[in-house]
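As a plain string of letters, each chain reads:
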Amino acid sequence: MNTASPPLAEAGRFGSGQAVRRLEDDALLAGRGRYTDDLRTDGQAHLVFQRSPYPHARIVSIDAEAARGMPGVLAVHTGADLVAAGVQPLPGVAGFKRPDGAPAATAPRRVLAHERVRFVGEPVVAVVAETLQQARDAAEAVMVEYEELPVVVALADALAQDAPALCEEAPDNIAAEQRHGDAQAAAAAFAQAAHVVKLAVTNQRVAAVTLEPRAVLADIDPQDGRLTLRMSTQMPSGVRNTLCDAVLGIPREQVRVVVNDVGGGFGMKTGLYPEDAAVAFAARTLRRPVKWIADRSEEFLATTHGRDIEAQAELALAADGRILALRVRTHANVGAYATGTGVAIQLLIGPWVQTSVYDIPLIDFHFTAVMTNTAPTGAYRGAGRPEAIHTMERLMDEAARQTGIDRTELRRRNFIRPEQMPYTNPMGQVYDTGAFEQVMDQGLALADWGGFEARAAQSAARGLWRGLGIATFLEWTGGNVFEERVTVDVKADGVIEVFSAVNAMGQGIATTLAQLVVDAFGVPIERVRVVLGDTDRGDGFGSAGSRSLFTGGSAMRIGAERTIEKGRELAAQALEAATADIDYAQGRFSVKGTDLGIGLFELAGRQSDQRIFVDSTSSVNGPTWPNGCHVCEVELDPQTGEVAVVAYASVNDVGRVVNPLIVRGQLDGGAVQGIGQALLEQVVYDRETGQPVTGSLMDYALPKAGEMPAFRTEMDESTPCRNNPLGVKGVGELGTIGATPAVVNAVADALARHGRADLSPRLQMPLTPSRLWQWLHGAGGTAPA
């Protein structure tokens, strides 16, 4: 991605702290975006997959002869073909153990299924043809004979004693497990507790519905055979490295990954998919360009899904409401193939924030990753933190109801205090800063917490039950990859071109990086050009875990400062002065106490290569811990079960804010996704057949902008992060994490205020009208499907 800014006014209006309009938007709004499907290459062929219609089956035979003879068909690849060609499986799980102490287990995930399929939608055959329609026709002509095998979709079925196993190494379908804390000490705390609160919490499976589906265009250089992948991904270097090191076994230098505009990622586009590798293999084999663009049905079937855990949580409290211990047991459905990311999210990353903003002395955690005949799970906005925080905040509100302590007071009594910072939580994670009570107080004021009763009376006059929900929480950001490389190139033509390996995916990172360059150099923003998404320009982790600004932005700041320092040395030579006597400001170097000086770009023009160039690598000191207080108000129609979010206010500690317009957009957009999970979204598989029921947007409900409230969103910048030079904290996932518990707690509050507090412990997402109506009016005590 190459983003040049439009002509704008003076530099001071476009540095940090200013609500600069996104530089990326003009081209996108005018239809000049360059997404992967917009790209055309001479001789481009098209690839189509035939996917498994069965959730679990043995591949008996594949007859592709008829397809190979059809018009325009260039190649038909099967799993056996790829195995014979030496193509290896995608990496599995490392660093975790099974209950018996053996290494974590999963079946090998082939680029194309070989001998056995394990979920509906798994790619089995890849057909390449001159046109897309020819490829589709030929794919339908491939005859695959299957022998159906027993299927398990639900966690309980997969863990049953006689359950069919997805791989020999895990006869119990447990890919891995992890325990944290001191079980014995926690048990003693529970034994002496005045109150024990228990809650079963399900965090349902959801799909990352991006505007742009996955897309790959693989091109081969006819001279040296070098492969270029132009694709929609958040992590170009990671894709290249996995493809080269693990799958194809070729040097990294033989592959270049280029990313143009990306129509959303949400974590779903963070790694190599089997389809990506299949396209690369086809291009290398045919020695011509090959394109694959997923359709929406393929995305529902075969992209990584998010969440899907069942938790049993218990909170031990003293008589005064102080938390003594927390016990959590979860089963995570990681799908047919356990991936390193999918397992780490549920067994490690989520647990890092499970105790959240509360001073909890003891924990007893047991997390289990379970394989089923469903699509694999992986990163989805928040990645483990939304699950952990939802469980914690549901527990806090339930504890308030059972103890009779006001829910805000209960939180106050248990908040980690500012004077405890830096604070080490029971998982060994160190919070550098945080003023959690201060943030809650601001959140309550912004939401007009004290005026709720009057609003509830107005709702009641219309026959609606109004509820008030709160979530106070934090999250971890960074991906635990803290080093980042940037290049800064001051050109004689008056442009500063900077490259970063963080990646754009609609979040506005190019604008924010440009603002940081303006800060350092003091030049107008139209002189800054930001280049992203090209492994030939530089390597890096990419964009995931809300790390782009605090790692990539910090690296940009340091790289810019190093460039100015290099310029100062060059200016000293040009002006025949000591380096210590050279000042820099507003695009000009000058000798202190004189009128002698030289412009930045003039200085670049005097160099032999007509530029001042710096390649800079730097690190931040640790993760960031953004936090917030989100307050939600809902109206529940007891006659229909319909819930409307009618007010939403949040105060968010995201450290120093570089662009408040972008930050608010990230927070509000994230909240909409969290509201969607709370009320609407769920990936459903038929328990008996293993067939996906929610395979299109006709079946999978998404939140709509017109149904959302007017968000009131503010930021508290009074506690900047101490782990990076910018003082910023990650922001991209914070809204999603706070929204789900705030909404569900609001619905529980509406029920409790109208005599149905008994329903609160049984509430499970999504809170659809049919579910709520059944809870309110149906018979029985179990959660409706």
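Going by the structure above, here's the rest.
Only a predicted model underlies this, so the values are computations on that prediction, with no experimental measurement involved.

1. Comments concerning helix α20 (residues 769–777)
Residues of α20 that are buried include every one of Arg-771, Leu-772, Trp-775 and Leu-776, and no others. Along α20, the residues classed as buried sweep out an arc of 130° about the axis, all on the same side. Next to the buried residues of α20 lie β19 (465–474), β27 (627–636), β28 (643–653) and α19 (734–753).

2. Observations concerning the environment of Ala-189
By secondary structure assignment, the location of Ala-189 is in helix α6 (residues 183–192). Relative accessible area serves as the criterion here: at 5%, Ala-189 is assigned to the buried category. Through-space distance from the C-alpha of Ala-189 to that of Leu-362 is 8.1 Å; in sequence the pair is 173 residues apart. Among residues more than four places away in sequence, those in contact with Ala-189 are Ala-316, Leu-324, Ala-325 and Leu-362.

3. Remarks on the pattern of salt bridges
Taken as a whole, this structure holds 58 salt bridges when the rule is applied. Two residues, Asp-100 and Arg-98, come together in a salt bridge whose shortest N-O distance is 3.4 Å. The exposure class of Asp-100 is exposed, given its relative accessible area of 54%. What makes Arg-98 buried here is its relative accessible area of 5%. Between Arg-385 and Glu-733 there is a salt bridge, and its shortest N-O distance comes to 2.6 Å. Placement of Arg-385 in helix α11 (residues 385–403) and of Glu-733 in the loop between β29 (711–715) and α19 is noted, with a sequence separation of 348 residues between them. What makes Glu-733 buried here is its relative accessible area of 9%. Residues joined by salt bridges that share partners form a network here, namely Glu-393, Asp-397, Arg-407, Arg-411, Glu-453, Asp-749 and Arg-753.

4. Side note on the packing of helix α10 (residues 340–352) against α11
Taken N-terminus to C-terminus, the directions of α10 and α11 make an angle of 60°; their axes are 8 Å apart at the nearest point. Judged by the inter-axis angle, α10 sits oblique to α11. For the pair α10 and α11, the sense of crossing is right-handed. Contacts from Ile-345, Gln-346, Ile-349 and Gly-350 in α10 reach Arg-385, Glu-387 and Ala-388 in α11. The class makeup of the residues in the contact of α10 with α11 is three nonpolar, two polar and two charged.

5. Considering the sheet that holds strand β24 (residues 588–591)
Ordered by their spatial adjacency, three strands build an open sheet running β23-β24-β25, and the pairing between neighbours is antiparallel. Of all the strands in the sheet, the pair left with one neighbour each is β23 (582–585) and β25 (597–599). The sheet shows a mean angle of 20° between the axes of neighbouring strands, direction not considered. Bridge count for β23 against β24 is four bridges, and the pairing is antiparallel. The partner of Ile-582 across the bridge, within β24, is Val-591.

6. Examining the pairing of β19
Across the 10 residues that make up β19, a large majority, 10, are buried. Neither face of β19 is open: one carries Trp-465, Gly-467, Gly-469, Ala-471 and Phe-473, the other Arg-466, Leu-468, Ile-470, Thr-472 and Leu-474, and all of them are buried.

7. Topic: the sheet that holds strand β16 (residues 363–371)
Judged by pairing direction, the sheet is mixed, and its five strands sit side by side in the order β8-β16-β15-β14-β9 without closing on themselves. The open sheet has two edge strands, β8 (174–181) and β9 (195–206), and neither has a second partner. Neighbouring strand axes in the sheet, compared pairwise and without regard to direction, differ in orientation by 10° on average. As paired elements, β9 and strand β14 (residues 306–317) share 11 bridges and run antiparallel to each other. Among the inter-strand pairings, Thr-202 is bridged to a residue of β14, identified as Glu-310. Along the sheet face, α6 touches β8, β9, β14, β15 (323–335) and β16 and points at about 125° away from the line of β15.

8. Quick notes on the pairing of strand β20 (residues 483–491)
For β20, a buried count of seven out of nine residues is recorded, marking the element as mostly surrounded by other parts of the structure. Bridge count for β20 against strand β26 (residues 611–619) is nine bridges, and the pairing is antiparallel. Residue Asp-489 lies in a different strand from β26, and its bridge partner there is Phe-613. Across five bridges, β20 lies against strand β21 (residues 496–500) in antiparallel orientation. Residue pairing across strands places Val-490 opposite Ile-496, the latter belonging to β21. In textbook terms, the turn of a hairpin is the stretch between consecutive antiparallel strands, and for β20 and β21 this stretch comprises four residues, one of which, Gly-494, has a positive phi near 95°.

9. Topic: the packing of helix α18 (residues 660–679) against α19
In the contact formed by α18 and α19, the axes pass within 7 Å of each other and the chain directions differ by 40°. Between α18 and α19, the crossing angle belongs to the class labelled oblique. The element α18 and its partner α19 pack so that their crossing is right-handed. Of the residues in α19, those touching α18 at Leu-667, Gly-670, Ala-671, Gln-673, Gly-674, Ile-675, Gln-677, Ala-678 and Leu-679 are Leu-734, Gly-735, Thr-736, Ala-739, Thr-740, Val-743 and Val-744. Partitioned by chemical class, the residues of the contact of α18 with α19 number nine nonpolar, seven polar and no charged.

10. Things to note about unusual backbone geometry
A cis amide bond, omega -5°, links Met-421 with the succeeding residue Pro-422. Looking at the secondary structure, you find Pro-422 in the loop between α12 (407–414) and β17 (423–424). Backbone torsion omega between Met-765 and Pro-766 reads -5°, so that peptide bond is classified as cis. Looking at the secondary structure, you find Pro-766 in the loop between α19 and α20.

11. As for the environment of Phe-452
Relative to the helices and strands, Phe-452 resides in helix α14 (residues 452–461). Taking C-alpha positions, Phe-452 is 8.8 Å from Glu-633, a pair spaced 181 residues apart along the chain. Those residues in contact with Phe-452, other than ones at most four positions away along the chain, are Arg-466, Gly-467, Leu-468, Glu-633, Asp-749 and Arg-753.

12. Notes on the environment of Ala-193
With respect to the helices, strands and loops of the structure, Ala-193 is situated in the loop between α6 and β9. When the C-alpha atoms of Ala-193 and Arg-413 are compared, they prove to be 16 Å apart, with 220 residues separating the residues in sequence. For Ala-193, the residues in contact, after removing those within four places along its chain, are Ala-316, Leu-317 and Leu-324.

Quick notes on the rules
Residues numbered from 1 in each chain as written. Predicted model: local features only at pLDDT ≥ 70, side-chain atom pairs only at ≥ 80, totals over all residues. Heavy atoms only, no water. Buried < 20%, exposed > 50% of the residue type's maximum accessible area, 1.4 Å probe, protein only. Helix = DSSP H or I, 4+ residues; strand = E, 2+ residues; numbered from the N terminus. Arc of directions from axis to C-beta. Contact = heavy atoms within 4.5 Å. Salt bridge = Lys/Arg side-chain N within 4 Å of Asp/Glu carboxyl O. Axes fitted to C-alpha atoms, helices over the stretch in contact; angles between N-to-C directions. Parallel < 35°, antiparallel > 145°, perpendicular 65-115°, else oblique. Left-handed = near helix turned anticlockwise from the far one by under 90°. Nonpolar A, V, L, I, M, F, W, Y, C, P; charged D, E, K, R; others polar. Pairing = 2+ DSSP bridges.

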